[in-house]
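Listed below, chain by chain, are the residues.
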Amino acid sequence: MRKWPNYLGLDGFRFGWVAAWIDDRGNHAFDYSPGLVRLLALPHARAMIDMPIGLKWSGYRICDLRARELVGAAVFLGARRDLWKFADMAAANRHYWECEGKGRGVSAQLWNIRDKIRDADEIMTPTRQTTIGEAHPELIFWNLAGRARLAKKTSAEGREQRIALLQQRGFVRLPTWLNQRHGTGIGRDDLIDACACAIAARDSTERFGGEQTDPRGLRMEINY
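Bear in mind that the values here come from a model prediction, so they are computed numbers and not experimental data.

Engineer: Whenever I open this one, the side chain of Asp11 confuses me. Can you help?
Structural biologist: Relative to the assigned elements, Asp11 resides in strand 1 (residues 6-13). Buried within the structure, Asp11 lacks any salt-bridge partner; Lys153 is the closest side chain of opposite charge, at an N-O distance of 6.4 Å. If near-sequence neighbours (up to four positions away) are discounted, Asp11 is found in contact with Gly16, Trp17, Val18, Asp50, Asp189, Asp190, Asp193 and Ala194.

Here is the structure:
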């Protein structure tokens, strides 16, 4: 029996990571785990993860700045290497303000995913990056919508727009999954975003960045 390639999308949630996968025949499913290792062991031809890959010691990544121009504040600025080592967000911002200037700190949103950034950084290598890339769901939706911004993801209209785009591309069971996720801790947006990343893993040919590498040799780029 022929095996069809799987395409994997991953996003972090409160208690770990959620993964959605789809294959070339339209089979699709989702799974979740406290850690990334088990989910990335799922067979896949390509995977995309909604988390920064490739981290500078200081300054903003060029790919983040370019992406933010298109989809706004949904792109968090300031992902840096070892952000997770600071005791609290105030200590991190004092450090960055002293080294880089006032206003060059990190937002609460970025600070809150610092452990997920570390998780992704710990498993990534330049070799793994040939099949596991960074993606940003809002860029993916912007691209799927004909390069137009959608309503806010927190609004009912924006949520329905995103679900419809994913259903059109094969995730027809997503509305059912959104009911099944209750009790898992997986947020509605986390599951939607994991599906978007799986679509990018299957279909994406566009990216921002890729010209620069970080101290570990990881490319700093966002696929969409």
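Engineer: Looking at this structure, how should I read the environment of Arg80?
Structural biologist: Mapped onto the secondary structure, Arg80 falls in the loop between helix 2 (62-71) and helix 3 (89-100). Exposure remark for Arg80: the relative accessible area of 0% places this residue in the buried category. When the C-alpha atoms of Arg80 and Gly133 are compared, they prove to be 17 Å apart, with 53 residues separating the residues in sequence. If near-sequence neighbours (up to four positions away) are discounted, Arg80 is found in contact with Leu55, Lys56, Trp57, Ser58, Gly59, Tyr60, Tyr96, Glu100, Arg104, Gly105 and Val106.

Engineer: What should I look at first to understand the pattern of salt bridges in this one?
Structural biologist: Between side chains of opposite charge, a pair can form when the charged atoms approach closely. Applying the stated criterion to the full structure yields 14 salt bridges. A salt bridge links Arg207 to Glu221; the nearest nitrogen and oxygen atoms lie 2.8 Å apart. Here Arg207, found in strand 6 (residues 207-213), pairs with Glu221, found in strand 7 (residues 219-223); they are 14 residues apart in sequence, far enough to count as distant. Note on Glu221: relative accessible area 4%, which makes it buried. If you follow the salt bridges from partner to partner, you end up with Arg81, Asp121, Asp214 and Arg216 in one network.

Engineer: Hey, could you run me through unusual backbone geometry in this one?
Structural biologist: Leave glycine aside and you will find that most residues have negative phi; peptide bonds, for their part, are mostly trans. Despite not being glycine, Asp82 has its phi angle at roughly 70°, a positive value. Counting through the fold element by element, Asp82 comes out in the loop between helix 2 and helix 3. Overall, the relative accessible area of 18% leaves Asp82 in the buried class. Although it is not a glycine, Arg147 adopts a positive phi angle of roughly 60°. Counting through the fold element by element, Arg147 comes out in the loop between helix 6 (137-144) and helix 7 (156-168).

Engineer: Explain the layout of surface pockets to me, please; I cannot follow it from the model alone.
Structural biologist: Empty space within the largest pocket amounts to approximately 570 Å³. Around the largest pocket sit 27 residues that line it, and Asp11, Asp50, Met51, Phe76 and Ile113 are the ones nearest its centre. Taken together, the elements giving at least two residues each to the lining of the largest pocket come down to strand 1, helix 4 (108-112), helix 5 (114-123), helix 6 and helix 9 (188-203). Taken together, the residues that form the lining of the largest pocket break down as eleven nonpolar, four polar and twelve charged. As a volume, the second largest pocket reaches approximately 210 Å³. Along the walls of the second largest pocket sit 14 residues, with Val71, Glu138, Arg149, Leu150 and Arg162 positioned nearest its centre.

Engineer: Help me understand the sheet that holds strand 2 (residues 16-23), please; the structure alone is not making it clear to me.
Structural biologist: Consider a sheet: its strands pair through backbone hydrogen bonds, and that pairing is either parallel or antiparallel. The five strands lie next to each other as 3-2-1-4-5, forming an open sheet whose pairing is mixed. Edge positions in the sheet fall to strand 3 (28-33) and strand 5 (132-134), since each of these pairs with one other strand and no more. Direction aside, the axes of adjacent strands within the sheet are offset by 20° on average. Looking at chain direction, strand 2 and strand 3 are connected through six bridges and run antiparallel. Bridge pairing in strand 3 places Trp17 opposite Ser33. Each of strand 1, strand 2 and strand 4 (46-49) touches helix 5; the most contacted strand, strand 2, lies at about 55° to it. Running at roughly 150° to strand 1, helix 9 makes contact with strand 1, strand 2, strand 3 and strand 4 of the sheet.

Parameters at a glance
- Residues numbered from 1 in each chain as written.
- Predicted model: local features only at pLDDT ≥ 70, side-chain atom pairs only at ≥ 80, totals over all residues.
- Heavy atoms only, no water.
- Helix = DSSP H or I, 4+ residues; strand = E, 2+ residues; numbered from the N terminus.
- Buried < 20%, exposed > 50% of the residue type's maximum accessible area, 1.4 Å probe, protein only.
- Lys, Arg positive; Asp, Glu negative; His and termini not counted.
- Salt bridge = Lys/Arg side-chain N within 4 Å of Asp/Glu carboxyl O.
- Contact = heavy atoms within 4.5 Å.
- 1 Å grid on protein atoms, 1.4 Å probe; cavity = no way out; pocket = protein on both sides within 12 Å on 5 of 7 lines; lining within 4 Å.
- Points joined across faces, edges and corners; volume = space filled by probe spheres on them.
- Nonpolar A, V, L, I, M, F, W, Y, C, P; charged D, E, K, R; others polar.
- Pairing = 2+ DSSP bridges.
- Axes fitted to C-alpha atoms, helices over the stretch in contact; angles between N-to-C directions.

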